[in-house]
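Fold and geometry: a report
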Amino acid sequence: MKLLIAVIQDKDSNRLSNALIKEGFRATKLASTGGFLRAGNTTFLIGIEDDRVQSALDVIRSSCKVRDQLVTPVSPVSGAADSYIPFPVEVQVGGAAVFVLPVERFEHF
């Protein structure tokens, strides 16, 4: 058995949730916040059998899209803030960061 921890952008949350249900995967959704952009994320916890890991990864891959977004860097906390001129920077957001962990034991009550 494995535990998949999938951190995705909020924009993809409903699409992934619906796709997981359609394919028969049960998941727990947690609200989370990214450290880099400080934007809302959703973290899915998915407990599955070893032989279904690739199927779950395929669902995640097809549901979570990478997109470009303009962001303005956060001003420096200390130092020469008076000379800081924020220019928007284009970064890629979205997609999914997925961790696959072994599960030693699972209990359901």
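We now turn to the structure provided with this report. Because the structure is a prediction, the values reported are computed rather than measured.

1. Here's the deal with the overall build of the protein
The number of helices and strands found in the protein is two helices and six strands. In the protein, which comprises 109 residues, the share counted as buried stands at 27%. A fraction of 69% describes how many contacts in the protein between residues 6 or more apart in sequence connect residues 24 or more apart. Of the accessible surface of the protein, which amounts to about 7,600 Å², a share of 55% is contributed by carbon and sulfur atoms.

2. Focus: helix α2 (residues 53-63)
Listed in full, the buried residues belonging to α2 are Val-53, Ala-56, Leu-57, Val-59, Ile-60 and Ser-63. Down the axis of α2, the sector holding all buried residues measures 160°, keeping them to one side. Those residues of α2 hidden inside the fold are in contact with β1 (2-9), α1 (13-22), β3 (40-48) and β6 (96-102).

3. Looking at the side chain of Asn-41
Within the secondary structure layout, Asn-41 lies in strand β3. Given a relative accessible area of 17%, Asn-41 falls into the buried group. Sequence-distant contacts of Asn-41, that is, excluding residues within four places in its chain, are made with Val-7, Ile-8, Gln-9, Asp-10, Leu-30, Ala-31, Ser-32, Thr-33 and Gly-34.

4. Focus: the sheet that holds strand β2 (residues 28-33)
The strand order across the open sheet formed by four strands is β2-β3-β1-β6, and the pairing between neighbours is antiparallel. A single partner strand is all that each edge strand has here, and the edge strands are β2 and β6. Direction aside, the axes of adjacent strands within the sheet are offset by 20° on average. For β1 and β6, the ladder comprises seven bridges, and the chain directions are antiparallel. Following the sheet pairing, Leu-3 is matched in β6 by Leu-101. Helix-sheet contacts for α1 involve β1, β2 and β3, and the interaxial angle to β3 is about 15°. Against the sheet, α2 engages β1, β3 and β6, with an angle of about 5° to β1.

5. Considerations on α1
Taken as a whole, α1 has its buried residues at Ser-13, Leu-16, Ser-17, Ala-19 and Leu-20. Buried residues along α1 cover an arc of 165° about the axis, so they all sit on one side. For α1, exposure combined with an orientation more than 90 degrees from the buried face picks out Asn-14, Asn-18, Ile-21 and Lys-22. Residue Gly-24 follows α1 closely and has a positive phi angle near 85°.

6. Some thoughts on the environment of Leu-30
Relative to the helices and strands, Leu-30 is located in strand β2. Separated by 23 residues in sequence, Leu-30 and Val-7 place their C-alpha atoms 9.3 Å apart. The contact partners of Leu-30, leaving out residues within four places of it in the chain, are Asn-41, Thr-42, Thr-43 and Leu-45.

7. Quick word on the pattern of salt bridges
By the definition in use, this model includes four salt bridges. Among the salt bridges present, the one from Arg-15 reaches Asp-12, with a minimum N-O distance of 2.5 Å. Across the pair Glu-107 and Arg-105 runs a salt bridge, and its minimum N-O distance is 2.8 Å. When its relative accessible area of 41% is taken as the criterion, Glu-107 is described as partly exposed.

The rules behind the values
Residues numbered from 1 in each chain as written. Predicted model: local features only at pLDDT ≥ 70, side-chain atom pairs only at ≥ 80, totals over all residues. Heavy atoms only, no water. Helix = DSSP H or I, 4+ residues; strand = E, 2+ residues; numbered from the N terminus. Buried < 20%, exposed > 50% of the residue type's maximum accessible area, 1.4 Å probe, protein only. Contact = heavy atoms within 4.5 Å. Areas by Shrake-Rupley, 256 points an atom, 1.4 Å probe, with all protein chains shown as cover. Arc of directions from axis to C-beta. Pairing = 2+ DSSP bridges. Axes fitted to C-alpha atoms, helices over the stretch in contact; angles between N-to-C directions. Salt bridge = Lys/Arg side-chain N within 4 Å of Asp/Glu carboxyl O.

Function cannot be read off these values alone, since they describe shape.
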